[in-house]
Amino acid sequence: MKDKAHVVIVGGGVIGTGVAYNLAKMGMTDVVLVEQKRHSYGSTGRCGGGIRQQWSTEENIRLAKASVEQFERMNEELGVDIGYIQGGYLIPAFTEDEVRDYRKNMALQNSLGVPTRWLSNEEIKELVPMLNTEKMMGATFCPTDGHANPFAVTEGYARRAKEMGVEINLFTTVTGIDVVDGEVKRVHTDRGDIETEFVVNAAGPYSPLIGRMAGIEMPNKPYRHEILATERFRHFLDTMIISFHHGLYFSQTTRGEIVGGIGNPDEKPGYNLSSSLDFAVRMARALIEFMPQFKNVNMVRQWAGFYDVTPDAKPILGEVDEVRGFIQANGYSGHGFMLAPIVAQLMAELIVDGKTSMPIESMNMRRFKDMDMVQEANVVG
Ligand SMILES: Cc1cc2nc3c(=O)[nH]c(=O)nc-3n(C[C@H](O)[C@H](O)[C@H](O)COP(=O)(O)OP(=O)(O)OC[C@H]3O[C@@H](n4cnc5c(N)ncnc54)[C@H](O)[C@@H]3O)c2cc1C
């Protein structure tokens, strides 16, 4: 392992590998990535793979739209099949308030170039004939939303970064960060130390622990989210369905399984990765309510991962004021896979050029101190 590098990236998920790839693409290859287990061990390998631009805040819409542009050319760029299905996201409304809010969001999305449109229940049925629309009051639909395989994207980034000269150390744990005169100086790992000028905190739900190593208290907290996969079916569902009303989402992968999850509003923050029967029962009931034909479907496996949640459900991006060279790329609050391509590019720009091609100021960690926050509403709680 190198003992000196311009940049050390902590975390080998989609964000860490994405930053490594983008740095190398920009000619910066004096980079070491350190991952305590293997790629996609964290939230990346546990996620639903959804990619949507239907957000309530301008920042998330802009970031997601720019990411979609990258996902569209990723097979070619990374030389892997990322299992991308651009079959749209359907967000049904169940109350008058939701109809009002979703129409407002749609107007904002349209004003930023996202082609979301309103569908009546009849149009929903035409799009997804098996969906039970009885209690729905219409839905927003964006045809350029979709889903992809997070493992393939992460492996693709890692392989290309390595080919271009980035050093990737798996099964290597960061144990400390030295800060001298307000600047990062050294990263300690269980396999040796690395002197450095930049540390990228891409440790996902573990990022507050990495922050603490540099003396920074971060506001994001890990919340367990459970998810399951069913047996495989012939392809019948292009669209990803998400109900903020139920905290439910599901889609069909290119392999044919239905993959989806449902939130638990009573979940407390903490590093609990166990699977529960309660989730399996609630998820099965919700799926059957949405598609009664799911009644006789077998669940094949279930697992859990963490949402890395911030107080306003938006990411923490950029250098912290207190420590020069300590770059945050975390706090995605359950939607970091879909934002990864553009966030990774922007973090690389920040390190190489000292500035970014899109504004990220409003996502700096100082917003929590100043209490200058605009809440993102379109999240699964
Ligand atoms: C059930 C579920 C469903 C989701 N669905 C979606 C979805 O549909 N769409 C979407 O966009 N997002 C979704 N997400 C969120 C998404 O998975 C994350 O936002 C994203 O994967 C974050 O990537 P990351 O690289 O920042 O973090 P991670 O993938 O968690 O990677 C962080 C890495 O850091 C490593 N690490 C931690 N501490 C150390 C240390 N001390 N030393 C070395 N390495 C360390 C970990 O091992 C880990 O591999 C979902 C999440 C879950 C749990």
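Residues numbered from 1 in each chain as written. Predicted model: local features only at pLDDT ≥ 70, side-chain atom pairs only at ≥ 80, totals over all residues. Heavy atoms only, no water.

Visitor: Kindly report on the state of the cysteines, identifying the contributing residues and their values.
Guide: On inspection of all chains with the given rule, the structure shows zero disulfides. Here C47 is not disulfide-linked; the sulfur of C142 is the nearest cysteine sulfur, at 19 Å. Classification of C47 as partly exposed rests on a relative accessible area of 25%. Accessibility expressed as a relative area gives 0% for C142, which makes it buried. (Disulfide = S-S within 2.5 Å. Buried < 20%, exposed > 50% of the residue type's maximum accessible area, 1.4 Å probe, protein only.)

Visitor: Which residues make up the site of the ligand, and what values go with them?
Guide: Around the ligand sit 38 residues in total, of which E35, T44, G50, G336 and M338 are the nearest. In the environment of the ligand, an oxygen atom lies 3.4 Å from a nitrogen or oxygen atom belonging to the backbone of G49. Relative to its unbound accessible surface of 1,000 Å², the ligand loses 97% to contact with the protein. When its residues are assigned to classes, the shell around the ligand shows 18 nonpolar, 18 polar and two charged. Both domain 1 (4-46 + 151-220 + 312-370) and domain 2 (85-144 + 221-309) contribute no fewer than three residues apiece to the shell around the ligand. (Near = heavy atom within 4 Å. Polar contact = N/O pair within 3.5 Å; in protein donor to acceptor, adjacent residues only side chain to side chain. Areas by Shrake-Rupley, 256 points an atom, 1.4 Å probe, with all protein chains shown as cover. Nonpolar A, V, L, I, M, F, W, Y, C, P; charged D, E, K, R; others polar. Domains from an automatic or database assignment.)

Visitor: Can you tell me about helix α2 (residues 58-71), naming the residues and giving the values?
Guide: Given a rise of 1.5 Å per residue, 14 residues ought to cover 20 Å, and the 20 Å separating the end C-alpha atoms of α2 matches this to within 8%. The buried fraction of α2 is high, at 10 of 14 residues. Residues of α2 that are buried include every one of E59, N60, I61, L63, A64, A66, S67, V68, Q70 and F71, and no others. (Helix = DSSP H or I, 4+ residues; strand = E, 2+ residues; numbered from the N terminus. Expected span 1.5 Å × (residues − 1).)

Visitor: Account for a negative patch on the surface, with residues named and values stated.
Guide: Taken together, the side chains of D3, D193, E195 and E197 define an acidic patch exposed on the protein surface. A residue is classified by how much of its surface remains accessible, and D193, at 36% relative accessible area, is partly exposed. (Patch = residues over 30% accessible without salt bridge, like charges linked within 9 Å, V, L, I, M, F, W, Y side chains within 5 Å. Salt bridge = Lys/Arg side-chain N within 4 Å of Asp/Glu carboxyl O. Lys, Arg positive; Asp, Glu negative; His and termini not counted. Charge placed at Lys NZ, Arg CZ, Asp CG, Glu CD.)

Visitor: Tell me about the nonpolar core, and name the residues and values.
Guide: Residues V7, I9, I15, L23, I82, V200 and M347 are the most contacted members of the largest nonpolar core, which totals 75 residues. Among the elements that take part in this core, helix α9 (residues 336-353) stands out by supplying 12 residues, more than any other. Among the domains, domain 1 (4-46 + 151-220 + 312-370) and domain 2 (85-144 + 221-309) are the pair contributing at least three residues each to this core. With 23 residues, the next largest nonpolar core counts F94, I241, I262 and M291 among its residues. (Core = buried A, V, L, I, M, F, W, Y, C linked by side-chain atoms within 4.5 Å.)

Visitor: Any chance you could break down the confidence of the model for the chain for me, citing the residues and the numbers?
Guide: When the pLDDT values of the chain are averaged, the result is 97; 100% of them are 70 or greater. Mean pLDDT across the elements of the chain ranges from a minimum in helix α10 (residues 366-370), with 91, to a maximum in strand β1 (residues 4-10), with 99. (pLDDT = per-residue confidence, 0-100.)

Visitor: Which residues make up helix α6 (residues 150-163), and what are the values?
Guide: Taking 1.5 Å per residue as the helical rise, α6 with its 14 residues ought to reach 20 Å, and the 20 Å between its terminal C-alpha atoms agrees with that figure. Among the residues of α6, P150, A152, V153, T154, G156, Y157, A158 and A161 are the ones counted as buried. Its side-chain oxygen at 2.9 Å from the backbone nitrogen of F151, N149 defines the N-terminal cap of α6. Two residues or fewer past α6, G165 is found with a positive phi of approximately 120 degrees.

Visitor: Now, about the sheet that holds strand β4 (residues 89-92): what can you tell me, with residues and values included?
Guide: Paired through backbone hydrogen bonds, the strands of a sheet run either parallel or antiparallel to each other. What the eight strands build is an open sheet, ordered β5-β6-β4-β13-β14-β15-β12-β16; its pairing is mixed. Edge positions in the sheet fall to β5 (117-119) and β16 (299-309), since each has one partner strand and no second. Between one strand axis and the next, the sheet turns by 20 degrees as a mean value, whatever way the strands run. In the sheet, strand β12 (residues 221-232) pairs with strand β15 (residues 257-262) via four bridges, with the strands oriented antiparallel. Paired with R232 across the strands is E257, a residue of β15. Taken strand by strand, helix α4 (residues 96-111) contacts β4, β5 and β6 (139-142), and its axis lies near 150 degrees from that of β5. Sheet strands in contact with helix α8 (residues 277-290) are β4, β12, β13 (240-243), β14 (248-252), β15 and β16, and its direction is about 115 degrees off that of β15. (Pairing = 2+ DSSP bridges. Axes fitted to C-alpha atoms, helices over the stretch in contact; angles between N-to-C directions. Contact = heavy atoms within 4.5 Å.)

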